[in-house]
Each structure stands twice: as C-alpha cells, then as structure tokens.
Amino acid sequence: QAQLVESGGGLVQAGGSLKLSCAASGLDFSSYLMGWVRQAPGKEREFVAQIWSGGSTYYAECVKGRFTISRDNAKNTVYLQMNSLKPEDTAVYYCAAGPAILTTRLDWNYWGQGTQVTVSS
C-alpha cells in the first residue's frame, strides 16, 4: 500500500526558509507525478507545486520564484525548498502522488498526513 510521509515543517520568521521532505513507499515512485498541496486554517486546499518523473515542474503563481520542488528517484523522495516565506504561507503542507495527467491539480491518488508550516510576522 502506498505511503507518503512528510517531514521538515516548523515555525519560521517571515523571510526565512524551510525545506520539506516526503518519503514515498509502496508505489513505483519514479513513474508518478509528485506534488505539494497546502491548506490554511479555514480555507480550502490549495495547489502549490508539482514535478513530473522526468523533472519538469509547475508552480502556483503565489509561490513561483520562492519555492522549488525537486525529487530524488533513487531515494523515493520529493522535496519542497521554501524561501522568502510569508505569513500567508502558513498552512499544513501535504505531499501527494498521482498520474502524469491530473483531472484537476487537487485530484491526486495518494496523500501524506501533512506537516505544519507556520510563518510568523
């Protein structure tokens, strides 16, 4: 059974950086589209970034230029480097895995349990 486990969340001041990791097991990691989705308190889930098996990436406009998604297929791990963090980036960040073409950017096959990122002003 597929399992995604996030780590690396925490509390950081505005302007700071954090790097999230997501370790995958129970799936053919290298063939999956991997992504990050976040959910702030009282808000709906929001797409953040995704990376295809070959390394191509796509970002939400609100994080473009500040966040970088990457993957290590040998380690079955996907990362999210977050720089220049803002208070509005505060959310639970979820790792997700899906097919190369999603129905929507929130329609993933597998989800992690989430990791909290809090950015103080």
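Going by the structure above, here's the rest.
It should be emphasised that the depicted structure is a prediction, and the values quoted were computed from it without experimental measurement.

### Quick word on the state of the cysteines
For the structure on display, the rule yields 1 disulfide. Disulfide partner of Cys22: Cys95, at an S-S distance of 2.1 Å. With the S-S bond torsion at -80°, the cross-link from Cys22 to Cys95 turns out left-handed. One end of the pair, Cys22, is in strand E3 (residues 18–25); the other, Cys95, is in strand E9 (residues 91–98), with 73 residues separating them in the sequence. Since its relative accessible area comes to 0%, Cys22 is described here as buried. Distance from the sulfur of Cys62, which forms no disulfide, to the nearest cysteine sulfur (Cys95) is 18 Å.

### Considerations on the pattern of salt bridges
Here the structure, examined in full by the defined rule, presents 4 salt bridges. Of the charged contacts, one joins Lys64 and Glu61 as a salt bridge, the two residues approaching to 2.7 Å between their closest N and O atoms. Overall, the relative accessible area of 63% leaves Glu61 in the exposed class. Of the charged contacts, one joins Asp89 and Arg66 as a salt bridge, the two residues approaching to 2.7 Å between their closest N and O atoms. In this pair, Asp89 sits in the loop between strand E8 (77–82) and E9 while Arg66 sits in the loop between strand E6 (57–59) and strand E7 (67–72), placing the two residues 23 residues apart along the sequence. In terms of burial, Asp89 and Arg66 fall into one category: buried. Because the salt bridges share partners, they merge into one network encompassing Arg38, Glu46, Arg66 and Asp89.

### Notes on the packing of aromatic side chains
Each aromatic ring pair is specified by the distance between its two centres and by the angle formed by the two planes. Counting across every chain of the model gives 3 aromatic pairs. Both rings, one in Tyr32 and one in Tyr110, keep their centres 6.1 Å apart while their planes meet at 55°; by these two values the pair is tilted. Residue Tyr32 is found in the loop between E3 and strand E4 (33–39), and its partner Tyr110 is found in strand E10 (residues 110–111); the two are separated by 78 residues along the sequence. By relative accessible area, Tyr110 is classed as partly exposed at 30%. Aromatic side chains Phe47 and Tyr58 sit 6.0 Å apart centroid to centroid with 35° between the ring planes, which places their arrangement in the tilted category. Separated by 11 residues along the polypeptide, Phe47 in strand E5 (residues 46–51) and Tyr58 in strand E6 bring together distant segments of the chain. With relative accessibility at 10%, the residue Phe47 sits in the buried group. Above the face of the Trp111 ring, Arg45 is positioned so that its terminal group lies 4.5 Å from the ring centre.

Each value, and the rule that gives it
Residues numbered from 1 in each chain as written. Predicted model: local features only at pLDDT ≥ 70, side-chain atom pairs only at ≥ 80, totals over all residues. Heavy atoms only, no water. Disulfide = S-S within 2.5 Å. Helix = DSSP H or I, 4+ residues; strand = E, 2+ residues; numbered from the N terminus. Buried < 20%, exposed > 50% of the residue type's maximum accessible area, 1.4 Å probe, protein only. Salt bridge = Lys/Arg side-chain N within 4 Å of Asp/Glu carboxyl O. Phe/Tyr/Trp six-rings, centres within 6.5 Å; stacked < 30°, edge-to-face > 60°. Lys NZ or Arg CZ within 6 Å of the ring centre and 35° of its normal.

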